[in-house]
Amino acid sequence: MSATVEPRLTIRRTTHRRVPRLVVAALPLALAGLLSLLVSGNTLRPFERITVIDSRMASKSDYFKDPEVQRLLLKHGIRVDIRRLGSRGIATRSLKGLDVVFPSGQPAAKLILDRPDDTGRTVRPFVSPLTLGSFRDYAQALVKAGVATPQRPTSGSETLYYDLDMAKFMTLLNGVDDRDDPEDGPRDGEGKEADTWDGIGYDDVAAGDRNSGSVLVRTSNVCESNSAGTYLSMLAFVAGGEKTPGSSHPNDPRRARAEVDRIAAEIKPLVTLQGMWADEQADSYFSALGESLAPIALIYEHQFLAHQIAHEAKEGTQDTSRVLLYPKPYALTEPQLISLSPQGDRLVELIEEDGELRRRALELGFRIRFSGEDGASRQLDDYLRDHGIQVPVPNPDRTKALEPGLQVLDDIIDYVGDCPPPDLDDAS
């Protein structure tokens, strides 16, 4: 009799899969990112529609490239796609396919507004004086030469600002010693007294350093740039006896034309002796090699102040190696944001009305200015003072370099820069 085989009970072993270590390691980062989105109010941002604004902007694109400005605009569902170009370059090319343009000054803005292209809302949100960025030893050489005066610092530190007499300074820019008295030394670029940095005393104030190069101001391309065009206006105003070129003969077009031609010929070497233009002077000036690249560079005030604010926040002190020269007479630039579409209208409206965006402009060194709002300079001064930055003092001589009419300015720019004719069909 066969034995009865008992059935076996099979127990299936359950396998527990381990969570990969990389996933475990990433969980804290994911939670931190979610917390950041919750705090910033952007949790649902990836699921919202973002309007992309196509733009062409000059130097004031710095504002729209600022991460905080980009974050504030994103809160309103807007992202700005920027194509960088000089102000005059914007005004002399096609505007097809753009939502906004942002030239850095009024001459280019007027050229754009006078074109047949449809334009919508516009705003001039802030102003920024035209200035010259330099370095302390070079500024002290200009003081020694009698063309610059240091502003009194508000604390015990060295001053960041100097006032520059443009009429005297221009005599140093042509590479020729202009003195008439033979007892004053050699002339015409000969000897130590020629218009070189060592010739005006740089080697005496620079603790052993020397620079036999000519005294020059590095500018961007006069054919493209608002800053360079405004600088030409300043030079022409001073060369014309603090009058706009051609204004001495309002009823005699021939004599007015001759005056403009004479002034253009006089100021051309003050700019062209620098050689090849550079695209953006501020980038070179604030680089580690800035002093060797350009002892004096044409920049805007807000660029210098933004650098000082950032330096103070990072290092706990001002950058006293770099200084700012305020020309006399002065020139004030007024960038204008111009809409070319309904999407552009929305951006202009935000820039004009949003308090957070206005506040950020102040933090970036701009003197904000809106309709019905006063005290732009006072607001900036208070902000600088609160953040440990020396406040610049306006020159008591408030002579402003008046820009000539658009046609006269264009003629001077074309003559100095040998500029190509405008191409309104070029959308590049």
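Residues numbered from 1 in each chain as written. Predicted model: local features only at pLDDT ≥ 70, side-chain atom pairs only at ≥ 80, totals over all residues. Heavy atoms only, no water.

With respect to the overall build of the protein
- Broken down by element type, the protein carries 17 helices and twelve strands.
- A buried classification covers 47% of the 428 residues belonging to the protein.
- Expressed as a percentage of contacts within the protein between residues at least 6 apart in sequence, the contacts between residues at least 24 apart total 73%.
- Carbon and sulfur atoms make up 52% of the accessible area of the protein, which amounts to about 22200 Å² in all. (Helix = DSSP H or I, 4+ residues; strand = E, 2+ residues; numbered from the N terminus. Buried < 20%, exposed > 50% of the residue type's maximum accessible area, 1.4 Å probe, protein only. Contact = heavy atoms within 4.5 Å. Areas by Shrake-Rupley, 256 points an atom, 1.4 Å probe, with all protein chains shown as cover.)

Observations concerning the pattern of salt bridges
- Enumeration according to the criterion identifies 23 salt bridges in this entry.
- Note that D410 is salt-bridged to R88, the shortest N-O span being 3.2 Å. Of the two residues, D410 sits in helix α17 (residues 406-417) while R88 sits in helix α4 (residues 87-91), which places them 322 residues apart along the sequence. The burial state of D410 is the same as that of R88; both residues are buried.
- Across the pair E224 and R93 runs a salt bridge whose closest N-O atoms are separated by 3.4 Å. Taken together, the residues span a long stretch of sequence, with E224 in the loop between α8 (202-205) and α9 (226-239) and R93 in the loop between α4 and β3 (100-102) at a distance of 131 residues.
- A single salt-bridge network, built from bridges that share partners, covers D66, R359, R360 and E363. (Salt bridge = Lys/Arg side-chain N within 4 Å of Asp/Glu carboxyl O.)

A few points about helix α5 (residues 106-113)
- Taken residue by residue, α5 has Q106, P107, A108, A109 and I112 as its buried positions.
- Contacts made by the buried residues of α5 are with α4, β3, α9, β11 (337-339) and α17.

Regarding the nonpolar core
- Among the nonpolar cores identified, the biggest contains 93 residues, and Y63, F64, L142, F169, Y231, I267 and L347 are the most heavily contacted of them.
- Looking at which element gives the most residues to this core, the answer is α9, with nine residues.
- Membership of the second largest hydrophobic core comes to twelve residues, among which are A91, L95, L98 and I112. (Core = buried A, V, L, I, M, F, W, Y, C linked by side-chain atoms within 4.5 Å.)

With respect to the state of the cysteines
- Evaluation of the coordinates by the stated rule reveals one disulfide.
- The residue that forms a disulfide with C223 is C419, at a sulfur-sulfur distance of 2.0 Å. On the sign convention where negative means left-handed, the S-S torsion of about -90° between C223 and C419 marks this disulfide as left-handed. Placement of the pair is C223 in the loop between α8 and α9 and C419 in the segment after α17, with a sequence separation of 196 residues. (Disulfide = S-S within 2.5 Å.)

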